[in-house]
Amino acid sequence: MTRFVLPGLVDIHVHLRQPGGGHKEDVLSGTTAALAGGMTLVLDMPNTQPPTITPDALERKRRLFEASAVCDYGFFAGYMGGALEPLLAMAPQTVGLKLYLDETFGDMTLDRGRSLEQVFEAWPGPGPIAVHGEAPTVERVLALGQRYEQALHVCHVPHPDVLLAIDRARQAGALVTCEVTPHHLFLSTDDLATLGPFGIMKPALLAPDLVQRFWERLDLVDAIASDHAPHTVAEKEWQRNGIAQPPPGVPGLETTLPLMLRAVDEGRLTQERLVKLLHDNPLRIYGLAPDPSTLVAVELGEAYRLPFGGYHTRCGWSPFVDKWALGQVVEVTLHGQVVWREGRRLAAAGSGREVQRAA
Ligand code: DOR
Ligand code: ZN
Ligand code: ZN
């Protein structure tokens, strides 16, 4: 059996749901899922309850992570509209600003009356402005990043043609990076018949020919990020019960690496490129320092099909049911300490650290 060691992987887009959504995921279950998936650092999104839009809310979230996280973590500042002072106060303690420019889970979409220009002008960094948006919105915002000389990060690229627009913006001198999710690479609208509400997320799954184009344009992608967005099975099945629309979002912390290792095995990308997409570039985008004593040992074995259940995430399911995967995370070392071995967490709750920006 082939065994090899990778640097600790980095998931720059996760929703760990605390405070306010601990029944879907909490800091301990979410960071445990991260270790199980070979992720040693996660960046947590601000659409919690309350949302991370004030220094107080950030501090409250930080205390939850300090008590429970078992991998490293960083926080995004959120902004929905109104006074800019709370945002400016949070900026230095965050990895970046997250803006929801189109519909999302919850009510964090930026106030339509708010001038995006003013936000782009005011954000002091040092992290980038990360945006959630559908294709037309993202294409509009690319120009803003350049006008205000802000580093812009496009979350979960919603369409492969957006990669071409990002490429053009870069050629014109814009500082723009982007991430693509595994669900946009390994699932398509063809899977919706079997997945039903478990295949609903924003941005939505695309037709198989568009998925193919993502793969053809993978050279234009900086990072793979899961957009781990757990909702319970009962919540997802609301629609079946005729009550409401299912909440959008799918978990992904534990499936990114095995799906991508299978893609490497199939020759769709090299292992060096995989490490760029899941380690080097994620750290570079958010200005974070690598740690050579943080490592993930993987055993390859035979390819297998992913199950629907049996994960560490509290929501307990995966949309990648029956998709081919390869490899098992057998050991994770975080800052020189073995924190995960053969399916068991060895790290104590609260042993994860908040990230530091690179010097
Ligand atoms: O599908 C999604 N789920 N898209 C988002 O933007 C938010 C996320 C969530 O928080 O559930
Ligand atoms: Zn989003
Ligand atoms: Zn998200």
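Look above for the structure.
Residues numbered from 1 in each chain as written. Chains lettered and ligands numbered in written order. Predicted model: local features only at pLDDT ≥ 70, side-chain atom pairs only at ≥ 80, totals over all residues. Heavy atoms only, no water.

### Considering helix α9 (residues 208-216)
Item 1. Here α9 has its buried residues at L210, V211, F214 and W215. On an axial view of α9, the arc spanned by its buried residues comes to 155 degrees, and they lie on one face.
Item 2. Lining the buried residues of α9 we find α6 (160-171), β8 (176-180), α7 (182-186) and α11 (256-265). (Buried < 20%, exposed > 50% of the residue type's maximum accessible area, 1.4 Å probe, protein only. Helix = DSSP H or I, 4+ residues; strand = E, 2+ residues; numbered from the N terminus. Arc of directions from axis to C-beta. Contact = heavy atoms within 4.5 Å.)

### Things to note about the coordination of the zinc ion (ligand 2)
Octahedral metal centres with six donors ideally show angles of 90 or 180 degrees, and tetrahedral centres with four donors ideally show 109.5 degrees.
Item 1. With distances of 2.1 Å, the protein atoms coordinating the zinc ion (ligand 2) are H132 (ND1) and H156 (NE2).
Item 2. The metal-metal distance between the zinc ion (ligand 2) and the zinc ion (ligand 3) comes to 3.5 Å. Taken together, the residues span a long stretch of sequence, with H132 in strand β6 (residues 129-132) and H156 in the loop between β7 (152-154) and α6 at a distance of 24 residues. Both residues of the pair, H132 and H156, count as buried. (Donors = N, O, S within 2.8 Å, 3.2 Å for Na, K, Ca; no water.)

### As for the side chain of E179
Item 1. Within the secondary structure, E179 sits in strand β8.
Item 2. No salt bridge is formed by the buried E179, whose closest oppositely charged neighbour, K98, lies at an N-O distance of 6.6 Å.
Item 3. A distance of 2.9 Å separates a polar atom in the side chain of E179 from a polar atom in the side chain of H153. (Lys, Arg positive; Asp, Glu negative; His and termini not counted. Salt bridge = Lys/Arg side-chain N within 4 Å of Asp/Glu carboxyl O. Polar contact = N/O pair within 3.5 Å; in protein donor to acceptor, adjacent residues only side chain to side chain.)

### What to know about unusual backbone geometry
Item 1. Omega for the bond connecting Q49 with P50 falls within 30 degrees of zero, at 0 degrees, which places this linkage in the cis form.
Item 2. Among the structural elements, P50 can be located in the loop between β3 (39-44) and α2 (55-68).
Item 3. Cis geometry marks the peptide bond from G125 to P126; its omega dihedral reads 5 degrees.
Item 4. Relative to the assigned elements, P126 resides in the loop between α4 (116-122) and β6.
Item 5. Backbone geometry places D322, a non-glycine residue, at a positive phi of 75 degrees.
Item 6. Secondary-structure assignment places D322 in the loop between β11 (304-305) and β12 (324-325).

### Some details on the coordination of the zinc ion (ligand 3)
Item 1. Bound to the zinc ion (ligand 3) are the protein donor atoms H13 (NE2), H15 (NE2) and D227 (OD), situated 2.0 to 2.1 Å from the metal.
Item 2. Donor residues binding the zinc ion (ligand 3) come from one chain and are separated in sequence as H-x1-H-x211-D.

### Overview of the pairing of β8
Item 1. Among the five residues in β8, five count as buried, and that is most of the element.
Item 2. The alternating pattern of β8 places V176, C178 and V180 on one face and T177 and E179 on the opposite face, and all of these are buried.
Item 3. Direction of pairing for β7 relative to β8: parallel, over a ladder of three bridges. Counterpart to L152 in the pairing with β8 is V176.
Item 4. Handedness of the crossover is the feature at issue here: the chain leaves β7, passes through α6, returns alongside β8, and the resulting connection is right-handed.
Item 5. For β8 and strand β9 (residues 223-224), the ladder comprises two bridges, and the chain directions are parallel. Residue pairing in the sheet places V180 in a bridge with I224 of β9. (Pairing = 2+ DSSP bridges. Right-handed = clockwise from strand over helix to strand, strands pointing away.)

### Re the sheet that holds β7
Backbone hydrogen bonds are what pair the strands of a sheet, in a parallel or an antiparallel way.
Item 1. Taken together, the eight strands give an open sheet; going across it, the order is β2-β3-β4-β5-β6-β7-β8-β9, and neighbouring strands pair in parallel fashion. Looking at the sheet topology across the chains shown, the edges are occupied by β2 (9-14) and β9.
Item 2. Note: β2 against β3, four bridges, orientation parallel. The residue bridging D11 from the neighbouring strand is V42, located in β3.
Item 3. Across the sheet, helix α5 (residues 135-147) lies against β6, β7 and β8, angled at about 165 degrees from β7, the strand it touches most.
Item 4. Packed onto the sheet, helix α12 (residues 271-285) meets β2, β3, β7, β8 and β9 and runs at close to 60 degrees relative to β2. (Axes fitted to C-alpha atoms, helices over the stretch in contact; angles between N-to-C directions.)

### Examining the environment of E149
Item 1. Secondary-structure assignment places E149 in the loop between α5 and β7.
Item 2. Take E149: its relative accessible area is 72%, and that puts it in the exposed class.
Item 3. Sequence separation between E149 and A174 is 25 residues; the distance between their C-alpha atoms is 7.6 Å.

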